[in-house]
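Residue-level listing of the chains:
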Amino acid sequence: MGKRVMYFLGTNLAIMVLLGIVLSVLQSSLGLDTSGVVGLLIISLVFGMGGAFISLAMSKAMAKRMVGAQVIDQPRNDAERWVLDTTYRLADEAGIGRPEVAIYDSPDLNAFATGAKKNDALVAVSTGLLRSMRPNEAEAVLAHEVSHIANGDMVTLTLIQGVLNVLVIFLSRILGRIVDQVVFRRDSAGPGYFIFSILFQVVLGFFAMLIVRSFSRRREFRADAGGGQLTTNEDMAQALERLQSGAPADLPEQVEAMGIRGGKATGIQALLMTHPPIEDRIAALRA
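Throughout, a residue's number is its position along its own chain's written sequence, starting from 1. The predicted nature of this model means local features are confined to residues of pLDDT at least 70 and side-chain atom pairs, given and counted, to a pLDDT of 80 or more, with totals for whole chains, interfaces and linings taken over all residues. Based on all heavy atoms of the structure, the side-chain values leave hydrogens and waters out of the count.

1. Focus on the packing of helix H4 (residues 78-94) against helix H6 (residues 135-151)
Simply put, an axis is a line fit to the C-alpha atoms, just over the touching stretch for a helix, and the angle between two N-to-C directions goes from 0 to 180 degrees. Segments assigned H or I by DSSP are reported as helices when at least four residues long, segments assigned E as strands when at least two residues long, and all are numbered from the N terminus. For the pair H4 and H6, interaxial distance at closest approach is 9 Å and the crossing angle is 45 degrees. With respect to their mutual orientation, H4 and H6 come out oblique. Here H4 runs over H6; the crossing is right-handed. Contacts from Trp 82, Val 83, Thr 86, Thr 87, Arg 89, Leu 90, Ala 91 and Ala 94 of H4 reach H6 at Pro 135, Ala 138, Glu 139, Leu 142, Ala 143, Val 146 and Ala 150. Gly counts as polar in this scheme, as do all residues outside two lists: the nonpolar Ala, Val, Leu, Ile, Met, Phe, Trp, Tyr, Cys and Pro, and the charged Asp, Glu, Lys and Arg. For the contact of H4 with H6, the residue count by class is eleven nonpolar, two polar and two charged. The cut-offs work like this: below 35 degrees is roughly parallel, past 145 is roughly antiparallel, 65 to 115 is roughly perpendicular, and the gaps in between are oblique. Throughout, a crossing is termed right-handed when the near helix is turned clockwise from the far one, and left-handed when it is turned anticlockwise from it by less than a right angle. The contact criterion used throughout is that any non-hydrogen atoms of two residues lie within 4.5 Å.

Spelled out as structure tokens, the structure:
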């Protein structure tokens with residue numbers, strides 16, 4: 001767990017340093033005035049949209065590193081051969097390029113897909129899922145992940161996240177500047193500006209997260225439907241029932257949104273979940 005956190009923090013620090021260098025180059029080459037509205041918008045675009053898409057570009061490597069996934073280059077046993085052949089067949093049926101296929105060691109019944117391109121993605125499945133599921137159920141899970149790729153869900157989610165990041169960064173600083181000028185009567189940025197910019201960023205960031213999580217939940221229904229089309233709705237429903245009966249999901253928080261199942265929550269906490277309740281997904285398939 002400690003190594004996962006350190007890797008995640010180190011990666012994000014590297015992204016921020018890279019974006020800082022990009023911003024410095026833009027400032028020197030364009031003579032960008034960061035104190036103006038246009039300059040602030042460009043800063044917001046660089047850090048908001050740039051950070052989201054760099055994370056997407058690195059998502060395959062990060063996910064494999066965090067869960068210890070081993071890509072199947074040459075199948076070593078019948079299980080690996082079955083996963084590879086089945087995923088390739090489903091990808092061919094979905095009309096996308098064959099993804100990298102990996103297995104990671106975990107008792108958790110889970111699988112995930114990620115990647116910046118439809119034709120260069122990653123599908124990873126846990127050893128616990130392969131041991132516990134019948135072939136038709138495991139195939140439905142793989143079909144669900146292939147459907148995520150075919151739907152372009154990773155890119156769409158990143159685009160939504162990027163746009164919201166830009167709005168949060170931009171609006172929080174505009175509002176912080178207004179408060180600083182109106183309340184504290186300052187013409188230049190003072191402590192009030194920085195304090196209120198952070199407060200507004202926290203509040204706006206929370207509402208942005210609600211929007212992203214809402215889209216994330218809706219895309220699960222679409223991937224379930226796609227998985228049902230590539231296999232059958234009943235196979236997909238049975239796979240979800242098997243997932244529901246298993247232990248709670250155990251993917252790292254940074255990868256959880258990519259998995260076929262997430263955690264459980266009720267009430268207001270349900271709005272923060274990346275996945276809808278499995279019983280709702282089963283009901284949608286059987287409706």
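2. Quick look at the sheet that holds strand E1 (residues 70-71)
For two strands to pair, DSSP has to find at least two bridges joining them. Spatially, the four strands line up as an open sheet ordered E1-E2-E4-E3, and their pairing is mixed. Across the chains shown, the open sheet's two edge strands, defined by having one partner strand only, are E1 and strand E3 (111-114). In this sheet, strand E2 (residues 100-104) lies alongside E1 in antiparallel orientation, the contact comprising two bridges. Within the sheet, the bridge partner assigned to Val 71 lies in E2 and is Ala 102. Strand contacts of helix H3 (residues 59-67): E1, E2, E3 and strand E4 (122-126), with the helix running at about 155 degrees to E3, the strand carrying the most contacts. The sheet strands contacting H6 are E3 and E4, and the helix crosses E3 at an angle near 20 degrees.

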